[in-house]
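A structural walkthrough
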Amino acid sequence: MFHKIVCSLWLCLAVLTCSISSSSSNNLAGYEGYTKYTVQHGGESAFQYMVDLQTNDTEVDFWLLTRNMSILTVGPSHKPQFESRLLQLGVQYQTQPLMDLMASLEGNSTYAEDDEFEECQPGDCESDRSHSRKRRQARSFFSRYPRYHEVLNFMSGLAARYPQYCRYESLGRSNEGRHIAGLSISLNQRVRPRRVAYIQAATHGREWITTQTVLYLAYELLTNLRAFQRVLNDVELFLVPLVNPDGYEYTHTTDRFWRKNRHRFAGHSCSGVDINRNFGNHWNYQGASQNLCSEVYSGTSPNSEPETSAVVRYLQFNRHRVKLSLDVHSFGKFIFYPYGYARNTVPPTVATLRAVALRAANQIGRYRGTHYTVGTSASILYEASGSLDDFAYGSLGIPLSYTVELPGEEFHVASFDIIHVCKETFAGFIEFIRHVSLY
Ligand code: 0X9
Ligand code: ZN
């Protein structure tokens, strides 16, 4: 008996220690000696070299790759070879030890009290204690990065608080069995609006800020619904803030820079498929790889991933109603319209796509002057096929289809800045949604 009690105590202790260490585990382990490079490559040949590295070299991790410059990380063993190649190419570059950067970001992350967050004005809304407590909770929610379960709690909390206007549902489950959760928002959940504005985020696990902007959109709309009645007239908003919940969790527990999903392949040490190369439009044509160690591994076939097929199932089922598809990524301050799979392929409605994107960019800029660049990702970044934007527009005929790359110098937006990115992006989202009613 005594033996049994001691054993179960030990078991409890072991489980407790395990859960403590996993919740506070180091998501930067293994990155000692890594270097961050910022490379200025004006010429075409250096750019092509970078594109080739992104697709084929599994030792180099691109955070951003545009035609003029790139930001990437390289491990210590690969560094000498990489630097001698940069010298041959004659390009300028700056370096920073990755761990120094991450340490400086943590120092940046303390929450600064911000009285700009729209508190109730006197007489504007109920001034009871619970209201201001909810406001405070929301304010603290948008000053850090929530875990998967917190995202789901936040979403189901909104649905419980606003049942008339908001419904919480699951589109399916991820590779590791997590819910791909969605929120439907409309003026009356009992009447099906004719049009849908679909917005998703965190296709890439490490792009944490994207989830926050979509949750903020839901929060801000639901708490001020009266102000947005015209925008939501006959429009249902469908929000999926965490398309890649496994990748997102993995960036919190194990590897801060994980991009793909967490598909494991028997007999292989590498894992994960890039969900944004797995959609069935020009699948695996360019800027994608069949090497499963690649950051842009496109999977075994179009739609092979449960995360991709959950999104496709929803969009296909609602294809006649969905007029806007926004895929929110980070970083770079870009709004991309199709096509991204090849340069010089012009969609028939390019004028409209561009005009709406410019208006959204303009609205974002009004908050604090953030400047977005608008164009196709194939001409501003690189050619990459199998992404949601091309699939939604080219395969499903969704007229307004975009990829938004939020601001940041790296994947970590400082805690005090999260709310500001949320607010400026909100203005852009609303502008996009406003155009849905024209279809
Ligand atoms: O490469 C991507 O998937 C996106 N950029 S990110 O840095 N967030 O990974 C851009 C996708 C743009 N769309 C297409 N290429 N179709
Ligand atoms: Zn991304």
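All residue numbers here refer to positions counted from 1 along the written sequence of the relevant chain. In the order they appear in the text, chains get letters beginning with A and ligands get numbers beginning with 1. Only residues with pLDDT of at least 70 get local features here, since the model is predicted, and only at 80 or more are side-chain atom pairs given and counted; chain-wide, interface and lining totals rely on the full set of residues. As a rule here, side-chain values come from all non-hydrogen atoms in the structure, and water together with hydrogens is ignored.

So, on to the overall build of the protein chain. Put simply, DSSP marks the helices as runs of H or I at least four residues long and the strands as runs of E at least two long, and each gets a number from the N terminus on. Scanning the protein chain from terminus to terminus reveals 13 helices and 12 strands. Put simply, the protein chain has 439 residues, and 55% of those count as buried. Using a 1.4 Å probe, accessible areas were evaluated by the Shrake-Rupley method; residue-level cover was limited to the displayed protein chains. Accessible surface for the protein chain amounts to roughly 19100 Å². Of this, 52% is attributable to carbon and sulfur atoms. Per-residue accessibility, obtained with a 1.4 Å probe over protein chains only, is compared with the maximum for each type, and a residue is labelled buried under 20%, exposed over 50%, and partly exposed between these values.

Nonpolar cores are built from buried Ala, Val, Leu, Ile, Met, Phe, Trp, Tyr and Cys residues. Side-chain atoms within 4.5 Å join them into one set. Ile199, Leu217 and Tyr402 are the most contacted members of the largest nonpolar core, which totals 71 residues. Within the second largest apolar cluster, 34 residues are counted, among which are Ala46, Val51, Leu86 and Val91.

What follows is about the pattern of salt bridges. When a carboxyl oxygen of Asp or Glu is within 4 Å of a side-chain nitrogen of Lys or Arg, the pair counts as a salt bridge. What the rule picks out here adds up to 16 salt bridges. The closest approach of N and O atoms between Asp234 and Arg194, which form a salt bridge, is 2.7 Å. Linking Asp234 in the loop between α7 (208-223) and β8 (235-240) with Arg194 in the loop between β6 (179-185) and β7 (195-201), this pair joins segments that are 40 residues apart in sequence. Assessed through its relative accessible area of 56%, Arg194 is described here as exposed. Linked by salt bridges that have partners in common, Glu176, Arg178 and Asp246 make up one network.

Before going further, it helps to examine the site of ligand 1. Contacts to ligand 1 come from 15 residues, most closely from Arg259, Arg277, Tyr382, Asp389 and Glu405. Separating an oxygen atom of ligand 1 from a side-chain N or O atom of Asn276 is a distance of 2.9 Å. Elements supplying a minimum of two residues to the shell around ligand 1: β9 (322-330) and α12 (388-395). For this classification, Asp, Glu, Lys and Arg are treated as charged, while Ala, Val, Leu, Ile, Met, Phe, Trp, Tyr, Cys and Pro are nonpolar and the rest, including Gly, are polar. The class makeup of the residues in the shell around ligand 1 is 2 nonpolar, 7 polar and 6 charged. When at least one non-hydrogen atom of a residue lies within 4 Å of a molecule or strand, that residue is treated as near it. Counting of polar contacts relies on pairs of N or O atoms within 3.5 Å, with two restrictions inside protein: one atom must be capable of donating a hydrogen and the other of accepting it, and residues adjacent in sequence are counted only when both atoms are side-chain atoms.

Bringing the UniProt feature "active site" (unreviewed entry) in the protein chain into the picture now. When the UniProt feature table is mapped onto this chain numbering, "active site" (unreviewed entry) sits at Glu405. A relative accessible area of 10% places Glu405 in the buried class. Apart from the residues lying within four places of it in its own chain, the contact partners of Glu405 are His329, Ser330, Phe331, Gly332, Lys333, Phe334, Phe336 and Tyr372. At a separation of 3.4 Å, a polar atom in the side chain of Glu405 contacts the main-chain amide nitrogen of Phe331. UniProt positions are given in the numbering used here, feature names are shortened, and annotations may be inferred rather than shown by experiment. Any two residues having at least one pair of non-hydrogen atoms within 4.5 Å are treated as being in contact.

Looking now at the coordination of the zinc ion (ligand 2). Donor atoms: N, O and S within 2.8 Å of the metal, or within 3.2 Å for Na, K and Ca. Because water is excluded, sites can look incomplete. The protein atoms that coordinate the zinc ion (ligand 2) are His204 (ND1), Glu207 (OE), Glu207 (OE) and His329 (ND1), at distances spanning 2.0 to 2.4 Å. Read in sequence order, the donor residues for the zinc ion (ligand 2) give the motif H-x2-E-x121-H. Each member of the pair His204 and Glu207 is classed as buried.

To continue, consider the packing of aromatic side chains. For this analysis, a ring pair means two rings from Phe, Tyr or Trp (six-membered ring only for Trp) whose centres lie within 6.5 Å, classed as stacked if their planes differ by under 30 degrees, edge-to-face if by over 60, and tilted for the remaining angles. A full pass over the atoms with the stated rule returns 27 aromatic pairs. Note on Tyr216 and Phe426: the rings are 6.0 Å apart at their centroids and 85° apart in plane angle, and the pair reads as edge-to-face. Placement of Tyr216 in helix α7 and of Phe426 in helix α13 (residues 415-436) is noted, with a sequence separation of 210 residues between them. Its relative accessible area of 2% is what places Tyr216 among the buried residues. One aromatic cluster is present, formed by Phe141, Phe142, Phe154, Tyr216, Tyr219, Phe228 and Phe426 through successive ring pairs. Two thresholds decide whether a charge sits over a ring: the Lys NZ or Arg CZ must be within 6 Å of the ring centre and within 35 degrees of the ring normal. The residue whose ring lies beneath Arg85 is Tyr49, and the NZ or CZ to ring-centre distance is 4.5 Å.

By convention in this document, the label disulfide applies to cysteine sulfur atom pairs within 2.5 Å. Tallied over the full model, the rule gives 1 disulfide. Note on cysteine connectivity: Cys270 is disulfide-linked to Cys293, with sulfurs 2.1 Å apart. Judged by the torsion about the S-S bond (95°), the Cys270/Cys293 disulfide is right-handed. Within this pair, whereas Cys270 is found in the loop between α8 (245-253) and α9 (306-317), its partner Cys293 is found in the loop between α8 and α9, the two being separated by 23 residues in sequence.

Inspection of the secondary structure assignment puts His263 in the loop between α8 and α9. At 2.7 Å, the side chain of His263 and the side chain of Glu305 are in polar contact. Aside from chain neighbours lying at most four places away, what touches His263 is Asn175, Ser271, Gly272, Val273 and Glu305.

Here the focus is the packing of α7 against α13. When two helices pack together, their arrangement is given by the angle between the helix axes and by the axis-to-axis distance. Where α7 meets α13, the axes come as close as 9 Å, and the angle between the chain directions of the two elements is 65°. As summarised for this structure, α7 and α13 are arranged roughly perpendicular, according to the angle between their axes. Along this stretch, α7 crosses α13, giving a crossing that reads as right-handed. Contacts between α7 and α13 involve Ile209, Gln212, Thr213, Val214, Tyr216, Leu217, Glu220 and Leu221 from the former and Ile418, Ile419, Val421, Cys422, Lys423, Thr425, Phe426, Phe429, Ile430 and Ile433 from the latter. To obtain an axis, a line is fitted to C-alpha atoms, over the contacting stretch when the element is a helix, and the angle between two such axes runs from 0 to 180 degrees between their N-to-C directions. The labels follow the angle: roughly parallel below 35 degrees, roughly antiparallel above 145, roughly perpendicular from 65 to 115, and oblique for the rest. Handedness of a crossing is defined here by the sense of rotation of the near helix relative to the far one, left-handed for an anticlockwise turn of less than a right angle and right-handed for a clockwise turn.

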